[in-house]
Every structure is written in structure tokens, then in C-alpha cells.
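Chain residues, written in single-letter form:
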2 protein chains.
Amino acid sequence: AIRYLSKRRQERIRLIGDKLCQEGFDLVLLQEVWSEQDYSDLKAKLASCYPFSHYFRSGVIGSGLCVFSRFPILDTLLYQYSLNGYPYMLQHGDWFCGKSVGLVIMKISGIIFNVYVTHLHAEYCRDKDAYLPHRLVQAWELAQFIRHTSKAADVVLLGGDLNMHPEDVGIRLLRGWTGLRDAFAEATRFEDTPRAPHPPRLLSQGCKNGCTLVPDNCFTDKSEMLPFPLGIRIDYILYKAISSFTVKCEELKTTTGPAPGTAIPFSDHEAVMATLHIQRQGQPAGATLGTAGLQSSGDGEKGIGVVWGGIGMVYGRPSMLRTPVPADLALADVVTEARTEVGVGLRAAQRQRYSWGRMAVLALLLLLLQAAAALGTLAGLGAEQPFPKLSFCLLAFISLGVLILATGLHVFHTMEVKMLHGTEDQMWMALRALQERPSEG
Amino acid sequence: AIRYLSKRRQERIRLIGDKLCQEGFDLVLLQEVWSEQDYSDLKAKLASCYPFSHYFRSGVIGSGLCVFSRFPILDTLLYQYSLNGYPYMLQHGDWFCGKSVGLVIMKISGIIFNVYVTHLHAEYCRDKDAYLPHRLVQAWELAQFIRHTSKAADVVLLGGDLNMHPEDVGIRLLRGWTGLRDAFAEATRFEDTPRAPHPPRLLSQGCKNGCTLVPDNCFTDKSEMLPFPLGIRIDYILYKAISSFTVKCEELKTTTGPAPGTAIPFSDHEAVMATLHIQRQGQPAGATLGTAGLQSSGDGEKGIGVVWGGIGMVYGRPSMLRTPVPADLALADVVTEARTEVGVGLRAAQRQRYSWGRMAVLALLLLLLQAAAALGTLAGLGAEQPFPKLSFCLLAFISLGVLILATGLHVFHTMEVKMLHGTEDQMWMALRALQERPSEG
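Bear in mind that the values here come from a model prediction, so they are computed numbers and not experimental data. (Residues numbered from 1 in each chain as written. Chains lettered and ligands numbered in written order. Predicted model: local features only at pLDDT ≥ 70, side-chain atom pairs only at ≥ 80, totals over all residues. Heavy atoms only, no water.)

Turning next to the pairing of strand 7 (residues 155-161) of chain B. Residues and elements named next belong to chain B. With seven of seven residues buried, strand 7 is to be regarded as a mostly interior element. Both faces of strand 7 are covered, namely the face carrying Val155, Leu157, Gly159 and Asp161 and the face carrying Val156, Leu158 and Gly160. The pairing of strand 6 (residues 111-119) with strand 7 spans seven bridges and is parallel. Looking at strand 7, one finds that Thr118 is bridged to Gly160. For the segment spanning strand 6, helix 4 (residues 132-149) and strand 7, crossover handedness is right-handed. Direction of pairing for strand 7 relative to strand 10 (residues 235-241): antiparallel, over a ladder of seven bridges. When the sheet's bridge partners are listed, Gly159 is paired in strand 10 with Ile237. (Buried < 20%, exposed > 50% of the residue type's maximum accessible area, 1.4 Å probe, protein only. Helix = DSSP H or I, 4+ residues; strand = E, 2+ residues; numbered from the N terminus. Pairing = 2+ DSSP bridges. Right-handed = clockwise from strand over helix to strand, strands pointing away.)

The next subject is the relation of the copies chain B and chain A. Each copy of the sequence occupies a distinct position, and chain B is placed on chain A by a rotation of 180° and an axial shift of 0.1 Å, giving an RMSD of 0.1 Å. As the rotation angle and translation indicate, the two copies are arranged about a two-fold axis. Of the C-alpha atoms belonging to chain B, the one lying closest to the rotation axis is found on Thr149 of chain B, 2.3 Å away. When you check the interface residues of chain B against chain A, 100% turn up at the interface there too, and the contact is symmetric in its surfaces. (Least-squares fit on C-alpha atoms with pLDDT ≥ 70 in both. Contact = heavy atoms within 4.5 Å.)

Another point: helix 2 (residues 36-46) of chain A. Residue and element names in this part refer to chain A. Burial in helix 2 covers these residues: Asp38, Tyr39, Leu42 and Leu46. The arc that holds the buried residues of helix 2, viewed along the axis, is 100°, so those residues lie on one side. Turning to helix 2, the residues buried within the fold contact helix 1 (9-23), strand 1 (27-31), strand 2 (52-55) and strand 3 (66-69). Capping the start of helix 2, Ser35 holds a side-chain oxygen 3.1 Å from the backbone nitrogen of Gln37, two or three residues further along. (Arc of directions from axis to C-beta. Polar contact = N/O pair within 3.5 Å; in protein donor to acceptor, adjacent residues only side chain to side chain.)

All names here are of chain A. Residue placement: Ser53 occurs in strand 2. At 2.8 Å, the side chain of Ser53 and the side chain of Tyr39 are in polar contact. Apart from the residues lying within four places of it in its own chain, the contact partners of Ser53 are Tyr39, Lys43, Val67, Phe68 and Ile73.

It is worth spelling out the interface of chain B and chain A at this point. Think of interface size as the accessible area that goes away when the parts come together; that is how it is often given. Counting from both sides, the interface comprises 40 residues of chain B and, opposite them, 40 residues of chain A. Buried surface at the junction of chain B and chain A, both sides included, amounts to about 4,000 Å², of which 67% is carbon and sulfur. Its largest share of buried area at the contact with chain A, chain B owes to Arg57, His148 and Lys418 of chain B, together 18% of the area lost on that side. Linking chain B to chain A there are six salt bridges. Residues Arg57 of chain B and Asp425 of chain A are paired through a salt bridge, measuring 2.6 Å at the closest nitrogen-oxygen approach. Every element with two or more residues in the side of chain B that touches chain A is listed here: strand 4 (73-80), helix 3 (94-97), strand 5 (100-108), helix 4 and helix 9 (389-440) of chain B. Broken down by element, the residue count for the side of chain B that touches chain A peaks at 16 residues, all from helix 9 of chain B. For the side of chain B that touches chain A, the class distribution of residues is 19 nonpolar, 13 polar and eight charged. (Buried area = accessible area lost by both parts, 1.4 Å probe. Salt bridge = Lys/Arg side-chain N within 4 Å of Asp/Glu carboxyl O. Nonpolar A, V, L, I, M, F, W, Y, C, P; charged D, E, K, R; others polar.)

A few words now on the domain arrangement of chain A. All names here are of chain A. Looking at chain A, the domain boundaries give domain 1 (9-321) and domain 2 (330-440). Contact residues are listed per partner, giving 21 residues for domain 1 and 21 residues for domain 2. A combined buried area of about 1,800 Å² lies between domain 1 and domain 2, and 78% of that area is made up of carbon and sulfur atoms. Counting across the interface, domain 1 meets domain 2 through one salt bridge. Where Glu337 meets Arg172, a salt bridge forms, and the shortest distance between an N and an O atom there is 3.1 Å. Elements with a contribution of two residues or more to the side of domain 1 that touches domain 2: helix 4 (132-149) and helix 5 (169-178). Of all the elements, helix 4 adds the most residues to the side of domain 1 that touches domain 2, at eight residues. When its residues are assigned to classes, the side of domain 1 that touches domain 2 shows 14 nonpolar, five polar and two charged. (Domains from an automatic or database assignment.)

This model, assessed by the stated rule, comprises 23 aromatic pairs over all chains. Considering the side-chain rings of Trp95 of chain A and Phe96 of chain A, the 5.1 Å spacing of their centres and the 85° angle between planes classify their relative orientation as edge-to-face. You can call Trp95 of chain A partly exposed: its relative accessible area is 24%. Put simply, the rings of Tyr79, Tyr116 and Phe145 of chain A together with Tyr79, Tyr81, Tyr116 and Phe145 of chain B touch in pairs and so form one group of aromatic residues. The cationic tip of Arg12 of chain A hangs over the ring face of Phe219 of chain A; the distance from NZ or CZ to the ring centre is 4.4 Å. (Phe/Tyr/Trp six-rings, centres within 6.5 Å; stacked < 30°, edge-to-face > 60°. Lys NZ or Arg CZ within 6 Å of the ring centre and 35° of its normal.)

Taking the UniProt record as the reference, the feature "transmembrane region" (unreviewed entry) is found at residues 360-383 and 389-412 of chain A. In this annotation, residues 389-412 of chain A is assigned 100% helix and 0% strand; the end-to-end C-alpha distance for the span is 35 Å. (UniProt positions renumbered as here; feature names shortened; annotations may be inferred.)

Moving on: empty space enclosed by the protein. Per the counting criterion, the structure on display carries 10 cavities of 30 Å³ or more. In this structure, the largest cavity occupies an estimated 230 Å³ of space. Arg57 and Leu78 of chain A together with Glu141, Met419 and Gln426 of chain B are the residues nearest the centre of the largest cavity, which is lined by 19 residues in total. For the lining of the largest cavity, the secondary structure elements donating two or more residues are strand 2 and strand 4 (73-80) of chain A together with strand 4, helix 4 and helix 9 of chain B. No other element matches helix 9 of chain B, which puts five residues into the lining of the largest cavity. Of the residues contributing to the lining of the largest cavity, the split by class is eight nonpolar, eight polar and three charged. (1 Å grid on protein atoms, 1.4 Å probe; cavity = no way out; pocket = protein on both sides within 12 Å on 5 of 7 lines; lining within 4 Å. Points joined across faces, edges and corners; volume = space filled by probe spheres on them.)

With that settled, consider the environment of Leu157 of chain A. Looking at where Leu157 of chain A falls in the secondary structure, it is placed in strand 7 (residues 155-161). Leu157 of chain A sits 42 residues away from Val115 of chain A along the chain, and the two C-alpha atoms are 4.8 Å apart.

Let's shift gears to helix 4 of chain A. Between its first and last C-alpha, helix 4 of chain A extends 25 Å over 18 residues, near the 26 Å set by a 1.5 Å rise per residue. Most of helix 4 of chain A is tucked away, with 16 of its 18 residues classed as buried. (Expected span 1.5 Å × (residues − 1).)

Printed below as a string of C-alpha cells:
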């Protein structure tokens, strides 16, 4: 929902507000609410059904992240990803959004919830994805942030537009390193299991394969969706229980088609809605709680990707975690794969840093040469003026401009190198820990 | 320790390495190690006595933060502060350092330590401190980061160059909001108490009042130290125990004068060394552990401040926390004070954003006017050339330069406004929580 750019923005914000009021969820995580005015409008409209809310501010435009809740929000924290595209890629604009992960802490029926909402860097070209290293750094920082901040939580929930297909390395890394489970995969698995109640309940409703970016949606770019006739799934609700709780996804739905009574859908992404069943272990079923989350993403991002490839991830599932050694080794493979991609990004960033640095030096040399020539002329060494004044001045201005620009880009890419290098280091430390664990056990 | 700029850098790095080897601390937290080469040299030198280490990479130059340890480092996390000065203040240079807080997690004798190392924005002019709002945002983010990441820790340690005097609002905020205790204040308090063993042990050694920036040090700026003849204390070791542990500062020392056998001190700041006594509650004294931390800051930062004003802070002391209502109200006062300063910074940032935005619009208008004039001349509307070509071109280049620069600064100050606004919001939420607590209890 970008002001002035997004089509029928206010109408759709109104429709989303109506839907939220009508459904009465416990918790709503929204992304791409770029305008604080839209947030204020939603807040005013939802005051009665969602009395608690928070908007996360960051970047130039804002993080776009906000949370509406039926239950009090005890505390919040924002972590801005250290890498998020390039400021000069104006046509993509991710850099200006200050992509972040927001944490809200809530206590519902005595259970402490750490709820994370995030939106990762978009994918503009899947075949030659220049932003993959940045998105992997973000996925890694997200996983690390969740691991380090959720140690006192009973239940962890993550909802957001991750801009990654279910089988992508980033999401395998995120799930493996945090132990988070994918609500869609869990709902489908539950439905598929032969031990399901008879008749089998329809646990997953809405778009086929849980896709959230579908060609039928009139706000998506049809040409980008050509390789994916069924659509792609890039919006997720992930969860896990710590300590003595279990979480089960009872139902997962997505919105489909236009909003009721109108010709347009709510957003370019379909919303994901999950009903989670949370139970204290060793307690009767009476002590349970149903929590529903909806996460909807406004328009502006356009992801393209491969056909949905099934639920091939095993890391973090309780059945695998009971036998730590093979799971650790499989996770080590994922970390290695991610680290390789970060390494590719690191070398690209180093090349950029080098070439902009060289450009800055050349511009400086040219300027110095011009200054020397000008001084020489002033001192009367060259009796006649060797260059036309106008071109001389133009050249000086152009070299000055190039010098400033190239220095700025050199500085920017130096920071990029630092962060990619730092992430590579952290991943290496993680690998060492994973590989050492079996020998210790 | 800035390459090429800092005096006798390599010699002092060697001296610091010698000192660390000789003292054999358990844990060493260093700041302002800007050169990764210096870190590598130290790492090689200290490999036998401190086999574990980590360097935190961020910003253009680096975070300058590193940790050396006798015990294995299990995990690390870096949080870069969202505000850290201005890129155009080249003479101050803080922006380029990517000031951050680094977390390392260690397990020593079964006790989980969360160790934080940080370096906040420098203070260049105490009377008119333009960076106070940024430093307060950093102190707040530091406190929030510690609170949210330390929930599974038994002991929390924070060491670093906080660039704040002991009675400053930022350090009161940090201590109040996290419950961290100041090793120097605790050591002095212990020494002063009438229940101390006879004869009273000298718990605090080194510079008077624990000062870490003293006029005697040949690397400090004498003129900046004039109002503080005794020096100032801006480097800290803070700690607290969670769960069933107690921590006591047994001894606190600072370095003084030149390094042994030389004429120069180790650094422009004096190092702080603490011996901490950590005991599991309800266990005999045999289950204790001594941990010593040294934190030394290289040169480059120059702080000036008021005369050391005693240990006037009560927040977070266990005796106060047992009666939550008055402590909460006192803490609410501190948060209000900090929020007021952040508000002052917010309004200044809004003014900057507005004036740079206006400047950009004016430059754009001038450019458009020139383009219209040029087109008019080309179309033969004005028969004779009204302006000299050279000045016309110069003016166009200058307006283009101003347009780009002003747009960049407008974007930068927009981000500043967002972050200051976000911090104000978070502080308001904290205040509400503090004020609601008594009525609930």
C-alpha cells in the first residue's frame, strides 16, 4: 500500500479493516502498510475488536509492519536487517523501506507469546537473483534474532512475507536454525496422515498448495507469473512451542478471489489465516487456547519463483530433533549451502567496492590534473589559454560529481562487504558448533 | 587505534597484548580495535592464553569491538544501533564506525554468561551536545537488546565505552531499565559499608573515582579535560545475576600512567579491570567462580564531561527492587527525562528534514527554470543569448549538485525522524507499563 502509487489503496485498506472486524481474529500481522495514515485509519476502525496495536517505524518509508491484537502487548523490539538492497536501485526501492523484524511480546491465558512479523527483500529475477545474498543475510539475522530473544517464551509465532519459496535455501535455513514449523506443511501433513479422524477434515482451504501470490489476482504481474500457473507460496505462518507446550495447526486458509461485494481482491498477496491449538503438556485438553493469525501483505512487491515443490524439509520437526546427530548434519548442509551463496555475494560486493574505489581515484587524479593546468595558466606558464573555458569547467564538475558518487558507493559497498563477511563468520561458527555436537554427545 | 591516524598504534597494541598475556584474565572486552589486522595480530599473540575470540564487523571501518576469552564462545549476535551521528560530520566520524553492541554467550562451570560489549556515540561538546538524542536512542536500544536477549542467562556482563558520565540520564536509563549494577559503585559501596571486614580491603585501585579518561594520559586532549582536573569515568563494567545466582564485585582496578618499561600509556582511556565473585544461591562458597574482565579502549574518541558526581543512582539495586512501586516511579522519571531529550532531537531532525527538503525543491525549480530558458533560446524565442554560456553551465551544475545533496540529506533526516519517533513511542509504552504496574500489584 504505497501512497499515490498503489491502485485503489484506500478502498482496499477499508476492505481489509472490514474483513478483520468481521472475522475477529486474536492476532493480525500486516506487512507493507507503508503509510502511517493507513495504520491510523485501521487503528481507529479496529479499536473495538483489536484494542491493542503497534506500528514499527524504520527506514525512509517505514518498515510497513504492524500488529493488531485482542490481547495486551507487553513489550516490543525492532531489529533492522543490516543489508537490504542498494539505495541506487530506485526502481526496486527495498533499501528505502528499512526492512526489519518486529517483535511483540504478549501473555495470553498465562502463556508467553513471542510474535515476530517481518518482510524480507523481494525477488525480482529468480534466474539471476542479485539480492539472494542480502535475503540470506536477512534470513540468518531473523533466525539469530528469534533464537536469542525467544528463550523466555512459551510459544513463538512468525508471520510475514518472506519472499522465499518453500524449498529455497533461506527458508530451510530459517526453519532449521530456529526449529520453527510451517503451519501450512503441518496442516497438510495432518490431513494426509492415515491416523486422521474419519471423515478427513479439510485442514487447508483457499488457494491450491497454499499459494499466496496467484495469477488470478488482478494486482499481480501476469508476465512474472507465467512460469508458475498455480502461483507461489511466499507468505508464511511459522510456529514452535518451547518449554512444556505443544502447538498444532488446526486449520490453514488463504483468501481467494475478490473481496465480498467488490470486484477487487484485498491485496496483491492472498492473506494466510491459521487456527493454532496450544496445549500445556501433561494437562487435560480443557487448558487449550485457539489463536488465529492473519497476515496480509499490501501490494508493491512482486515475487516470481519456481513451481511449488512439496514440503521437503525435515529440519526442526520434533520427530527429527529426537535424533540430533543426523538432523544436525543435515542442518550443517543447509548452513554450508547458505554460506556459499553469502560468499558469492561477498565476492561481488568486493568487486563493486574495488571498481568504485578505482573510479574515485581516477576522478581525483583528473581533478588534480585540471587544478595543475588551471594554476599553470594562471601563473602565466602557458601564454595562450589551451582549453575552451566552458569544456574545462564542465569536465571539472563532472569529475567532481563522479568523485563524490564513486566515494559514496565505495563506502556503501565497504559496509556491504563487512556485513557479508560478518555473516559468513557467524555461519562458520554455527557450522563448527553443529559438527562438534555429535562428538560431544 | 585508527590506522595511519593513531599515534604509536602498533607499539601500543603490542603492549596491550603483553599486558593481557601477563595478567591472564578470564575475559577481555576491547573497543576501538578499528583495524582487523590489529585484531589478527592480537589473536595470534594471545592464542595460548585466550584461545577463544570474536571480532564484530559492521559499518565502514568496523565496530571496533572484539572479545578474547579463556572459555569457549558458544554463540554471538550483533545489533547495530539505528542512529549513530551523521555521515557528513567527517571530523567526528562516528557514523562510519557502525556503532553496535556485540553479544557473546559462554558457559563457564555450568553458568550461562551473556556478555555484551559496546561503544556508544562520543560526546564532543558537553554544553551543547548535538548527539545526546542519538546516544540516548543507543542507550535505550542497548537496554532493550539486553533485556530481550538475556532471559536465558544466569549472569549478564556489560563492558564498554559508554561515553556517558555516571550521573547522565543515559546511564541511569540503561541501569534502571535493565537492572544492571555498576561494578565501580558496588565495589566502593562494599568498601564503605561498616560491615566490611577489618581492616577494610582496598577494593578499588587505580585512578581516583575510577576515572578512565584522565588529563595525565598523554593521548588525551588537555584542553578538553580542563573542566575535569580529576578526569571522568565513561568506561564501565556492569553486571547482574538472573535466576538463582549472586554476583559481587570483589575488586575494581584501572590502569594508571605509562605501560611498564615505556613512556606511553596503553591507550587514551584507562582500562577497567574487575574481579567478580559469582555464587549459586543456597550453595556453599565452594561453588564460586572468579571472573575478571578488562576493557580497554583505543584512542580516537575524546570525551569531555562534568566532574564525577558520586554514585547517586538507586535504580536496579536489589534493595530497591524488592519494593517495586517507588523504584518503578523513579524509573518512570528517568524514562520521561530521556524521552524529553529524544523529543528535542526529534524536533531538530524534523527541522533539518524540512529545510533540506525545501532546499531540494528550490534547486529543482532553478534547474527547471534554466531548462526552460535554454529551450527558449534554442527555439529562437530570445534572439540574442541572454546569459554568458559559462555562468549558465556553472549555475546548472551547482543546482544539480545541491539537488542531489539536499535530496540525500532529506532522505537521511527522514530516517532519523522515523527512528527518534519510534524510540519515543517505545519509551511511552514503557512508561505506561511502569505506571500501570503499581495499580495491578
